[in-house]
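Next come the chains, spelled out residue by residue.
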Amino acid sequence: MNRTTILSVVIALGSLALAVAMRPVEVAAVAFEDTGTPLFSGFSDPAQAAFLEVVGWDDTAARVTSFKVEQKAGRWVIPSHNDYPADGTERMGKAAASFIDVKKDVLRSERTEDHAVLGVEDPADANAKGRGQRITIKDQAGTVLVDVILGKKIEDKDGFRYVRLPDQKRVYASKIDVDISTNFADWIEKD
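Residues numbered from 1 in each chain as written. Predicted model: local features only at pLDDT ≥ 70, side-chain atom pairs only at ≥ 80, totals over all residues. Heavy atoms only, no water.

Engineer: How would you sum up the environment of Val64? Please name residues and give values.
Structural biologist: Structurally, Val64 is set in strand β2 (residues 63-72). Every residue in contact with Val64, bar those within four places of it in the chain, is listed here: Val55, Gly56, Trp57, Pro123 and Ala124. (Helix = DSSP H or I, 4+ residues; strand = E, 2+ residues; numbered from the N terminus. Contact = heavy atoms within 4.5 Å.)

Here you go:
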């Protein structure tokens, strides 16, 4: 073999290695990897719920509002009203069931700058402009089953709302029908 042949083979092998290294590869879309997954994957039984807190913002009074219902010693009570007996079994079941099988349907934003516009800022944040409604549901042991900030309803998608998990920046559009009343009269036992 002469020197020219060897040089041609080396260049050909180098070109082949470069072509293989630069070939197109499929890259997973990391931003959308969790789209379609459950918002609360470990929560499937509404009977687990033993505590509910709804934190919101009252524009008229310009203050944070909080409503709690919990199960104490086997009965449902409203702690803010001196443990007044509550009709928690049916109401809590409906409230908890609202979050079962809710999915992260559409990723709408990953920017904290969008939280105010979408209404998913924490209502307890003193600097918030677009406060949502934070809902927390826990089991008897105090384990958090649901912790979410519900934002504005989406006008062009019936039954959808903006939702955000409090410790995350991502905002999703999720189909959710929340059946939670923060009206004291709705929770009191009629008998």
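Engineer: Lay out the sheet that holds strand β8 (residues 160-164) with the relevant residues and their values.
Structural biologist: Spatially, β4-β3-β2-β1-β6-β7-β8-β9-β5 is the arrangement adopted by the nine strands of the open sheet, whose pairing is antiparallel. In the strand order of this sheet, the two ends are held by β4 (84-85) and β5 (106-109), each with one partner. Where strand β1 (residues 51-58) lies against strand β6 (residues 133-138), five bridges are found, and the strand directions are antiparallel. Bridging from a neighbouring strand, Val55 pairs with Arg134 of β6. (Pairing = 2+ DSSP bridges.)

Engineer: An account of the pairing of β6 is requested, with residue identities and associated values reported.
Structural biologist: The sheet contact formed by β6 and strand β7 (residues 144-153) spans six bridges and is antiparallel. Among the inter-strand pairings, Arg134 is bridged to a residue of β7, identified as Ile149. The turn joining β6 and β7, which pair antiparallel and follow one another in sequence, is formed by five residues; a positive phi near 90° is taken by Gly142.

Engineer: Provide a residue-level description of the packing of aromatic side chains, including the pertinent values.
Structural biologist: Given two aromatic rings, one states the distance between the centres and the angle between the planes to describe the pair. One pass over the structure, following the stated rule, counts one aromatic pair. Taken together, a centroid distance of 6.1 Å and an interplanar angle of 80° make the contact between Phe40 and Phe99 edge-to-face. Taken together, the residues span a long stretch of sequence, with Phe40 in the loop between α1 (3-21) and β1 and Phe99 in the loop between α2 (88-97) and β5 at a distance of 59 residues. Classification of Phe99 as buried rests on a relative accessible area of 1%. (Phe/Tyr/Trp six-rings, centres within 6.5 Å; stacked < 30°, edge-to-face > 60°. Buried < 20%, exposed > 50% of the residue type's maximum accessible area, 1.4 Å probe, protein only.)

Engineer: Tell me about the nonpolar core, and name the residues and values.
Structural biologist: Counting residues in each nonpolar core, the largest one holds 29 residues, and the members touching the most others are Phe99, Ile135, Ile137 and Val148. Of all the secondary-structure elements, those providing two or more residues to this core are β1, β2, β3 (75-78), α2, β6 and β7. (Core = buried A, V, L, I, M, F, W, Y, C linked by side-chain atoms within 4.5 Å.)

Engineer: Quick rundown of α1? Include the residues and the values.
Structural biologist: Taking 1.5 Å per residue as the helical rise, α1 with its 19 residues ought to reach 27 Å, and the 27 Å between its terminal C-alpha atoms agrees with that figure. Where α1 starts, the residue carrying a side-chain oxygen 3.2 Å from the main-chain nitrogen of Thr4 turns out to be Asn2. (Expected span 1.5 Å × (residues − 1). Polar contact = N/O pair within 3.5 Å; in protein donor to acceptor, adjacent residues only side chain to side chain.)

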